[in-house]
Amino acid sequence: MTIINMEQLSPFFEQWDSVKERIEACYTKHDKEAVVLMNEAIYTYMSLLQAGGKTNNQRTGESEYILLALNGEERIDFIKKRIASHYAYIQLDTLFLESKKKAARYSVMKKKLKS
């Protein structure tokens, strides 16, 4: 069973929460700073995935990030290829949200195991 520590991961989510409104505003104004901020946010997301750890997929036998959302690799690729699009921001926001939910679920499992 994989154990996730939300306290360790919370700085990644806090960093995203602190920048996402600025990114949204940049896209609204068609400001090119959105791309710079998005690149930083992508780096934050990839760091989050690394901090969450990896596990072997029993079906494929391949190693994968524990916190990676469904179709996460394809979605990250979409974000990187269309980073100037507001839809890239929406997709990254969704990835952070889904990963946060997944981390919370693993964290609760950890607490139940300790009880």
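Structure: above.
Model, not experiment: these values are computed from the prediction.

Draft legend 1. Region of the structure containing the nonpolar core. In terms of nonpolar packing, the biggest core is built from 32 residues, with Ile23, Met38, Tyr45 and Leu92 touching the most fellow members. Within the residue set of this core, elements represented by two or more residues are helix H1 (6-29), helix H2 (33-52), helix H3 (72-81) and helix H4 (86-114). Setting aside chain neighbours within four positions, we find Tyr45 in contact with Leu67, Leu68, Ala69, Ile76, Leu92, Leu95, Phe96 and Ser99.

Draft legend 2. Spatial organisation of the packing of aromatic side chains. One pass over the structure, following the stated rule, counts four aromatic pairs. Between Trp16 and Tyr89, the ring centres sit 5.9 Å apart and the planes meet at 35 degrees, which makes this aromatic pair tilted. Taken together, the residues span a long stretch of sequence, with Trp16 in helix H1 and Tyr89 in helix H4 at a distance of 73 residues. Judged by centre distance (5.1 Å) and plane angle (70 degrees), the rings of Tyr45 and Phe96 are edge-to-face. One end of the pair, Tyr45, is in helix H2; the other, Phe96, is in helix H4, with 51 residues separating them in the sequence. Among the aromatic residues, those joined into a cluster by ring pairs are Trp16, Tyr27, Tyr45, Tyr89 and Phe96. Taking NZ or CZ as reference, Lys54 lies 4.8 Å from the ring centre of Tyr65, over its face. Above the ring of Tyr106, the side-chain terminus of Arg105 is found at 5.8 Å from the ring centroid.

Draft legend 3. Region of interest: H3. Turning to H3, its buried residues number three or more, namely Gly72, Arg75, Ile76 and Ile79. Buried residues of H3 fall within an arc of 100 degrees about the axis and therefore sit on the same side. When the buried face of H3 is taken as reference, the exposed residues oriented beyond 90 degrees from it are Glu73, Glu74 and Lys81.

Draft legend 4. Here's a closer look at the environment of Phe12. Relative to the elements of secondary structure, Phe12 occurs in helix H1. On the basis of relative accessibility, which here comes to 18%, the residue Phe12 falls in the buried class. Separated by 40 residues in sequence, Phe12 and Gly52 have C-alpha atoms that sit 11 Å apart. When neighbours within four sequence positions are excluded, Phe12 is seen to be in contact with Thr44, Ser47, Leu48, Ala51 and Phe96.

Conventions used here
Residues numbered from 1 in each chain as written. Predicted model: local features only at pLDDT ≥ 70, side-chain atom pairs only at ≥ 80, totals over all residues. Heavy atoms only, no water. Core = buried A, V, L, I, M, F, W, Y, C linked by side-chain atoms within 4.5 Å. Buried < 20%, exposed > 50% of the residue type's maximum accessible area, 1.4 Å probe, protein only. Helix = DSSP H or I, 4+ residues; strand = E, 2+ residues; numbered from the N terminus. Contact = heavy atoms within 4.5 Å. Phe/Tyr/Trp six-rings, centres within 6.5 Å; stacked < 30°, edge-to-face > 60°. Lys NZ or Arg CZ within 6 Å of the ring centre and 35° of its normal. Arc of directions from axis to C-beta.

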